[in-house]
Amino acid sequence: MSGRKMHLVAFLMAGPTCHHHGAWRHPETDVDDILTPERYEHIARVLEAGKFDALFFADILGIYDTYNSSFATMLGRGGQLCLLDPAIILPMMARVTDRIGLGLTCSTTFFNPYQIARQLGTLDHLSRGRVAWNVVASHSTLEANNFGLAEMPSRAHRYDRSDEVLEACMALWNSWDEGALVLDKKQGIFADASKVHYADYNGQWIKTRGPLTVPRSPQGHPVIMQAGSSDRGRDFGARWGEIIFTLQHQKGDMQTFYKDFKGRMAARGRAPESCVVLPSIDVVIGETESIARERADYVNGLVDTQLGMACVSGQIGYDLSQLDPDQPLKDVKVETGSRGTMDVILQGTEAEGLTLGEAARRFATSELCPQLVGTPEMIADKLIDLFQDYACDGFVLTPTTFPGMYEQFAKTVVPILQERGVFRKDYAGSTLREHLQD
Ligand SMILES: Cc1cc2nc3c(=O)[nH]c(=O)nc-3n(C[C@H](O)[C@H](O)[C@H](O)COP(=O)(O)O)c2cc1C
């Protein structure tokens with residue numbers, strides 16, 4: 001085997017649900033600590049013990065209210081809710097760890113680049129070089145409304161503007177050269193001002209003068225993470241990305257995405273290995289295969305139909321509340337425009353003759369990313385197979401039970417990946433960018 005190493009990133013949300021909309025109800029899942037620092041400190045330690053490259057918080061700047069024109073189901077039944085601001089949680093996680101990377105989601109549509117550059121530059125210092133920025137252009141009207149916009153700008157506009165936000169942030173991060181801080185008490189020289197420059201960024205939408213207040217951080221700039229799936233989104237990722245997070249249903253889809261994405265990087269003159277492509281994966285682990293299957297059936301059975309329908313409604317931007325969940329999926333009529341998205345997210349389920357409610361529950365178990373069920377050996381085999389066949393460079397793992405699934409994975413699957421030589425036994429470097437180049 002070549003020296004190519006697998007990369008693992010953990011998906012977190014500051015709320016009850018990540019991809020699995022029933023898992024918070026499992027007796028082994030902790031929810032009473034959801035607003036406490038201890039929950040987040042504990043999971044950071046667990047993931048660092050498992051030698052994960054990074055953890056990151058996905059984020060939604062509002063509460064989905066598409067279903068029945070109300071947030072009652074999403075909130076009442078525990079759907080995807082981002083209760084706390086991860087920018088405040090991550091520094092706490094940084095204080096109880098010293099190697100694992102820490103990813104923050106920041107929207108280029110709603111946040112000002114000076115603020116983003118300052119915040120992430122500060123966090124890169126405080127974590128000694130472990131920060132990633134999950135760059136999102138945002139896409140939902142509910143978020144737009146929370147930030148004073150009536151509608152989201154078009155996708156093309158959002159990505160053009162995102163390019164400018166990234167260019168502006170890079171100019172701000174580069175406004176301090178290395179060695180600008182002198183700290184010479186004897187001569188009374190605090191900083192070498194000749195090593196600090198104005199950014200003077202003048203784009204069509206974004207303007208910033210600089211310099212940044214924050215001295216150059218250990219990584220120079222945060223690792224850039226991104227998850228756009230459209231043609232424009234992939235091009236944006238190919239220009240800037242160092243970690244690409246993607247939702248693909250099966251191996252063939254992953255291989256197609258991987259090849260397409262690395263091709264786009266090469267076309268821009270970037271070395272394909274300078275960005276890792278990580279599809280989302282969900283695991284249910286058992287001591288035997290039949291125990292794992294029973295555990296999967298149990299936890300998947302905890303998703304209720306109404307929440308599943310609300311979850312799909314939020315994703316496709318169309319209210320399914322007036323539709324009978326017991327009707328066959330193939331008979332469901334939704335407005336043109338939403339049907340395409342619905343076909344994609346419910347991929348394959350129509351052919352199985354499911355009802356709308358069954359398909360929605362299925363979607364709400366893992367958002368249709370593969371759910372691997374089996375013994376630690378079976379799961380390690382599957383991950384290694386995907387990795388070796390260039391379906392990916394590693395995985396974004398999403399939790400079922402929390403924090404139990406991550407604890408089990410770190411204790412039982414990681415040692416097998418290490419023994420088989422595909423995953424680090426210890427961190428070789430100290431910054432996140434160094435981990436990604438292991
Ligand atoms: C796997 C995946 C994860 C995403 N996670 C987030 C997120 O946490 N927060 C967010 O605002 N947008 C998130 N997005 C949305 C994207 O950043 C992007 O705005 C959206 O997909 C529209 O771009 P596209 O049309 O290129 O896909 C995610 C998208 C994908 C595909």
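Residues numbered from 1 in each chain as written. Predicted model: local features only at pLDDT ≥ 70, side-chain atom pairs only at ≥ 80, totals over all residues. Heavy atoms only, no water.

Chemist: Teacher, can you tell me more about the packing of aromatic side chains here?
Modeler: Pairs of aromatic rings are described using the distance from one ring centre to the other and the angle between the two planes. Here the structure, examined in full by the defined rule, presents 13 aromatic pairs. The interplanar angle of 85° and the centroid separation of 5.5 Å between the aromatic rings of F11 and F56 together place this pair among those described as edge-to-face. You can see F11 sitting in strand β1 (residues 7-12) and its partner F56 sitting in strand β2 (residues 54-57), a full 45 residues away along the chain. Overall, F11 belongs to the buried group, its relative accessible area being 3%. Using a relative accessible area of 1% as the deciding quantity, one classes F56 as buried. Cluster of aromatic residues (ring-pair linked, three or more members): F52, F402, Y406 and F409. Taking the ring centre of F387 as reference, the NZ or CZ of R4 above it sits at 4.0 Å. (Phe/Tyr/Trp six-rings, centres within 6.5 Å; stacked < 30°, edge-to-face > 60°. Helix = DSSP H or I, 4+ residues; strand = E, 2+ residues; numbered from the N terminus. Buried < 20%, exposed > 50% of the residue type's maximum accessible area, 1.4 Å probe, protein only. Lys NZ or Arg CZ within 6 Å of the ring centre and 35° of its normal.)

Chemist: Sorry, what's going on with the pairing of strand β5 (residues 181-184) here?
Modeler: Successive side chains on a regular strand alternate, one facing one side of the sheet and the next facing the other. Across two bridges, β5 lies against strand β6 (residues 189-191) in antiparallel orientation. In the strand pairing of β6, L181 is matched with A191. The antiparallel pairing of β5 with β6 creates a hairpin that spans four residues between the two strands, and G188 there sits at a positive phi of about 70°. (Pairing = 2+ DSSP bridges.)

Chemist: Is there a simple way to think about the pattern of salt bridges in this case?
Modeler: Here the idea is simple: oppositely charged side chains can pair when their charged atoms come close. Under the definition given, this model contains 21 salt bridges. One salt bridge connects R295 with E28, and the closest N-O pair in it is separated by 3.2 Å. Of this pair, R295 sits in helix α9 (residues 289-300) while E28 sits in the loop between β1 and α1 (37-49), placing them 267 residues apart in sequence. One salt bridge in this structure joins D381 and R420, with 2.6 Å as the shortest N-O distance. Here D381, found in helix α13 (residues 376-388), pairs with R420, found in the loop between α14 (404-419) and α15 (432-436); they are 39 residues apart in sequence, far enough to count as distant. Relative accessible area serves as the criterion here: at 39%, D381 is assigned to the partly exposed category. What makes R420 partly exposed here is its relative accessible area of 36%. Beyond isolated ion pairs, a larger network of salt bridges with shared partners links D160, D163, E167, R232 and R239. (Salt bridge = Lys/Arg side-chain N within 4 Å of Asp/Glu carboxyl O.)

Chemist: Would you explain the UniProt feature "binding site: FMN" (unreviewed entry) in the chain in this entry?
Modeler: Mapped onto this structure's residue numbering, the UniProt feature "binding site: FMN" (unreviewed entry) falls at D59, T105, Y159, S229 and S230. You can see T105 is positioned in strand β3 (residues 101-107). Since its relative accessible area comes to 8%, T105 is described here as buried. Contacts of T105, omitting those with residues within four sequence positions, involve F56, F57, A58, D59, N134 and V136. For T105, the side chain forms a polar contact with the main-chain oxygen of F57, separated by 2.6 Å. (UniProt positions renumbered as here; feature names shortened; annotations may be inferred. Contact = heavy atoms within 4.5 Å. Polar contact = N/O pair within 3.5 Å; in protein donor to acceptor, adjacent residues only side chain to side chain.)

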